[in-house]
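Results of the structural survey
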Amino acid sequence: MEQAPAETISVLLPGAGPGPFDYLAAGKDYRRGDIIEVPLGPRRVAGVVWGRGEGQVPPEKLKAAGAAFDVPGFPPVFCDFIDWISDYTLSPKGAVLAMAMRFPDAFVAEAARMGLVATGTQPERLNKQRARVLEIAGDGLVRAGAELAELAGVTSSVIKGLVAAGALAPQALPRRPLPQPDPEFAPAQLSPHQAEAAQAICQAMTRGYAAFLLDGVTGSGKTETYFEAVADALRRGKQALILLPEIALTAQFTSRFAQRFGVEPVAWHSDVPRAQRVRLWRAIASGEVRVVAGARSALFLPMRELGLIIIDEEHDAAFKQEDGVIYNARDMAVVRAHLEGAVAVLASATPSIETHVNAESGRYTRLVLPHRHGAAVMPKVSLVDLTKTPAASGQFVSPPLRAAVDAAFARGDQALLFLNRRGFAPLNICQTCGHRIGCKQCSSWLVEHRYRGRLVCHHCGYEEPKPPACPACGSQGSIVASGPGVERIAEECRQHFPDVRIEIASSDMMHGPMAMQAAISAMERGDIDLLIGTQIIAKGHHFPNLTLVGVIDADLGLSGGDPRARERTFQLLHQVAGRAGRAERPGEVILQTRNPRDPVMQALVSGDRNRFLKQEAAEREPHHLPPFGRMAALMVSGAIESDVEEAARTLAAQAPQDNRVRVLGPAPPLMARLRGMTRLRLIATAPRNFRLQAFLRAWLAGVSLSRKVRVSVDVDPQHFI
Ligand code: ADP
Ligand code: ZN
Ligand code: ZN
């Protein structure tokens with residue numbers, strides 16, 4: 001579109017429908033990325049100029065495109081990014097664009113707020129109150145009427161009277177600029193390792209695209225280190241984007257940022273109110289906002305001078321979006337950095353196998369922070385073999401763990417017990433007939449939440465009261481809770497430790513981020529002695545007096561045989577362990593397990609993370625599992641089981657013949673029924689250098705399936721089996 005103005009343009013509309021569509025340019029000079037209004041049937045909608053018209057429809061049948069909105073268009077490289085993701089994930093371009101256009105209100109300039117200014121005209125009647133107002137307004141500033149009234153100590157009717165008398169006149173209030181982060185506000189004194197890492201990132205920013213793995217143990221100062229890179233981006237007039245798992249975007253993070261830069265970062269995640277997001281979106285598009293800290297959706301903000309993207313906790317599964325456009329924000333962030341000539345920094349204490357292998361191969365540069373900051377040392381990890389020293393019958397805290405918790409309290413320290421299970425019990429069983437109470441919509445058991453008195457499905461949200469009699473055999477009072485959730489651990493601990501202050505931290509016990517924040521603050525202040533929590537508490541938090549972490553069931557999550565399960569369990573438990581002993585006093589971690597020989601347990605005890613990663617990688621390589629090969633999953637789902645089975649069989653039978661590709665399945669996934677839908681999965685694997693997307697596209701184009709089923713494509717799935 002660089003040459004002469006095109007006669008027709010193609011315009012992409014947000015949404016999963018077809019498109020882009022051609023429109024007449026009618027003499028206007030449109031550019032790729034312009035956000036414009038176009039007619040669509042009887043409506044007028046916002047779309048983005050994608051290029052020259054594609055010419056499938058003759059010009060005389062086209063409608064004229066409308067005017068551009070009063071907002072900067074998308075930078076062309078941002079449009080390239082959308083094209084790239086669409087191509088990689090096999091999602092319609094419009095569906096990807098929709099993620100970048102979630103706040104169309106932002107395309108229209110906010111109506112200016114009106115204030116009042118002195119006109120110089122003297123009112124005929126000038127009493128004391130009026131005189132006071134005019135004296136204040138005499139400085140010529142525009143003020144809101146209410147502010148003027150307050151300053152002068154008069155009522156609003158005095159102000160209205162002055163407007164009526166022509167002494168004050170309405171004028172638009174100047175918009176206050178957003179406070180800007182100051183790179184020189186409070187720089188940290190970096191340790192030599194930290195300084196070396198920060199310098200490598202800053203130097204790379206002078207050259208263009210580069211990707212780093214900032215590989216440091218928990219508490220080693222990764223955040224302090226990448227803050228220096230953010231400061232440097234600001235000094236160079238570049239924008240920086242910090243992506244965090246939503247759960248880590250706490251007040252702790254924003255206040256640390258404020259301590260370093262003088263103001264809080266612009267935060268972008270689902271808890272930010274819509275009206276605020278609309279305003280921020282405009283300020284981001286205009287370039288006024290220089291730093292955004294956000295969840296994965298922040299990757300689709302149209303920053304135009306992006307110089308640095310940080311992906312903190314890069315291994316976190318929350319970066320993967322599992323519905324709609326299925327993508328991994330971590331990987332797409334690296335793609336965006338590449339397209340923009342920016343620097344990507346992936347930070348983690350427990351890198352994913354993918355990232356570890358990329359660092360080993362040199363695709364990413366590894367920067368190592370080997371020690372905790374200051375006097376803090378890594379906690380000592382030990383195992384309790386539950387097959388040898390079990391908890392008392394009906395209990396879950398073994399004697400050694402209980403003794404260690406007691407010892408922590410005796411020292412005046414805090415303790416954390418970790419169990420990644422919400423509620424009271426994961427299952428209810430009939431003692432008479434063995435019936436287990438499951439969800440009617442999903443292949444899962446209902447979890448008992450005793451605090452709320454309900455049985456709840458954690459997959460679809462279905463809930464019911466606990467039945468007084470067994471629904472299968474009818475026997476009264478025979479339904480008993482089986483296994484522990486955090487509520488049950490809390491109940492047990494109230495008996496063991498009657499005098500300590502206990503708090504449960506799980507997403508359902510704390511309604512919203514405020515409650516979570518309250519619990520964190522209470523823990524920081526020392527108002528809690530024993531915190532019992534799920535993964536919500538595993539990450540990022542810094543509790544100086546927490547010196548004991550106990551893991552109730554370290555084996556949870558290891559069953560099922562998916563290679564990724566070991567990696568995930570290691571990451572989670574390592575993160576939890578990293579909460580212990582982050583200040584002067586050393587920390588201790590106790591893992592209760594039935595599999596003390598498992599490589600995950602061994603790696604946690606020895607602390608030899610790299611050996612674990614190497615073993616895991618070595619197991620995947622011969623089978624061409626990611627990252628040594630490509631993988632995509634096709635999920636077939638529908639309301640009627642036989643439809644789904646037939647569609648999945650047809651799909652499998654019609655896979656294009658290519659001896660480089662292996663197609664596995666159809667097989668039921670872990671959740672074979674979800675929200676009333678039956679699901680079957682096919683998996684395609686291929687060598688690394690194979691264009692799997694082209695294969696998938698040809699495959700899907702060649703089959704016609706019943707309209708009663710849906711097929712979704714997941715490139716680089718999280719689950720391998
Ligand atoms: P990580 O992100 O690697 O877990 P943090 O950046 O959170 O580590 O650092 C852990 C703790 O050590 C924090 O309280 C942080 O403020 C402190 N810290 C780290 N590096 C420095 C430094 N160079 N100067 C002062 N404090 C630091
Ligand atoms: Zn029964
Ligand atoms: Zn359910």
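This structure is a prediction, so every number in the text was calculated from the model and none was measured.

**Concerning the environment of M635**
Along the chain, the position of M635 falls in strand β27 (residues 629-638). A sequence separation of 75 residues divides M635 from R710, and the C-alpha atoms of the two residues are 7.9 Å apart. Apart from residues no more than four positions distant in its own chain, M635 is found in contact with P669, R679, L680, R681, R710, V711 and S712.

**Some words on the coordination of the zinc ion (ligand 2)**
The coordination sphere of the zinc ion (ligand 2), as far as protein atoms go, consists of C430 (SG), C433 (SG), C470 (SG) and C473 (SG), spread over 2.2 to 2.4 Å. The site at the zinc ion (ligand 2) holds 4 donor atoms, and with the angles between them running 107 to 111°, its shape is tetrahedral.

**With respect to the domain arrangement of the protein chain**
It is common to give the size of an interface as the accessible area lost on bringing the parts into contact. As far as domains go, the protein chain holds domain 1 (8-101), domain 2 (114-172), domain 3 (192-369), domain 4 (380-421 + 484-617) and domain 5 (629-715). A separation of 70 Å is found between the C-alpha centroids of domain 2 and domain 5.

**Comments concerning the packing of aromatic side chains**
Taken as a whole and judged by the stated rule, the model has 18 aromatic pairs. Aromatic pair W84 and Y88: ring centres 5.1 Å apart, planes at 15°, arrangement stacked. Pair noted here: W84 and Y88 are both in helix α1 (residues 76-89), with a separation of 4 residues, about one helical turn. Judged by its relative accessible area of 33%, W84 is partly exposed.

**Some points on the sheet that holds strand β15 (residues 365-369)**
For sheets, the rule is that strands pair by backbone hydrogen bonds, running either parallel or antiparallel. Read from one edge to the other, the open sheet built from 7 strands follows the order β9-β10-β8-β11-β14-β7-β15, with strand pairing classed as parallel. With one partner strand each, in any of the chains shown, β9 (266-268) and β15 form the two edges of the open sheet. For this sheet, the mean angle separating the axes of adjacent strands, direction not counted, is 20°. As defined by bridge partners, β9 adjoins strand β10 (residues 291-294) across 3 bridges and the pair is classed as parallel. Following the sheet pairing, V266 is matched in β10 by V292. Against the sheet, helix α6 (residues 192-205) contacts β7 (210-216), β11 (306-312), β14 (343-348) and β15, and its axis sits at roughly 155° relative to β15.

**Brief notes about the nonpolar core**
Judged by nonpolar contacts, the single largest core of 78 residues is most densely connected at F74, W281 and V292. In this structure, M523, L531, A577 and A617 belong to the second largest nonpolar core, which totals 37 residues.

**Thoughts on the site of ligand 1**
Of all residues adjacent to ligand 1, which total 15 residues, the nearest are Q189, G219, K222, T223 and R256. At 2.9 Å, a backbone N or O of G221 approaches an oxygen atom of ligand 1. Within the complex, the protein chains bury 78% of what would otherwise be the 550 Å² of accessible surface of ligand 1. It is helix α7 (residues 222-235) that provides the largest number of residues to the shell around ligand 1, a total of 3 residues. Along the lines of polarity and charge, the residues of the shell around ligand 1 split into 2 nonpolar, 9 polar and 4 charged.

**Some words on unusual backbone geometry**
Where the residue is not glycine, phi is negative for most of them; where a peptide bond is considered, it is trans in most cases. Cis rather than trans, the peptide bond between P626 and P627 has omega equal to 5°. Tracing the backbone shows P627 in the loop between α17 (609-620) and β27. Cis geometry is found at the peptide bond from G665 to P666, where omega equals 5°. With respect to the helices and strands, the residue P666 is situated in strand β28 (residues 662-667).

**Focus: the pairing of strand β30 (residues 677-687)**
Of all 11 residues in β30, 9 are buried, a share of seventy percent or more. Two strands pair when backbone bridges link them, and β27 and β30 are joined in this way by 10 bridges, in the antiparallel orientation. Residue pairing for β30: M635 is matched across the bridge by R681. In terms of strand pairing, β28 meets β30 through 4 bridges, oriented antiparallel. If you follow L664 over to β30, its bridge partner there is I683.

Here is what the cut-offs are and how they apply
Residues numbered from 1 in each chain as written. Chains lettered and ligands numbered in written order. Predicted model: local features only at pLDDT ≥ 70, side-chain atom pairs only at ≥ 80, totals over all residues. Heavy atoms only, no water. Helix = DSSP H or I, 4+ residues; strand = E, 2+ residues; numbered from the N terminus. Contact = heavy atoms within 4.5 Å. Donors = N, O, S within 2.8 Å, 3.2 Å for Na, K, Ca; no water. Tetrahedral: all angles 85-135°; square planar, octahedral: opposite > 155°, others 65-115°. Domains from an automatic or database assignment. Phe/Tyr/Trp six-rings, centres within 6.5 Å; stacked < 30°, edge-to-face > 60°. Buried < 20%, exposed > 50% of the residue type's maximum accessible area, 1.4 Å probe, protein only. Pairing = 2+ DSSP bridges. Axes fitted to C-alpha atoms, helices over the stretch in contact; angles between N-to-C directions. Core = buried A, V, L, I, M, F, W, Y, C linked by side-chain atoms within 4.5 Å. Near = heavy atom within 4 Å. Polar contact = N/O pair within 3.5 Å; in protein donor to acceptor, adjacent residues only side chain to side chain. Areas by Shrake-Rupley, 256 points an atom, 1.4 Å probe, with all protein chains shown as cover. Nonpolar A, V, L, I, M, F, W, Y, C, P; charged D, E, K, R; others polar.

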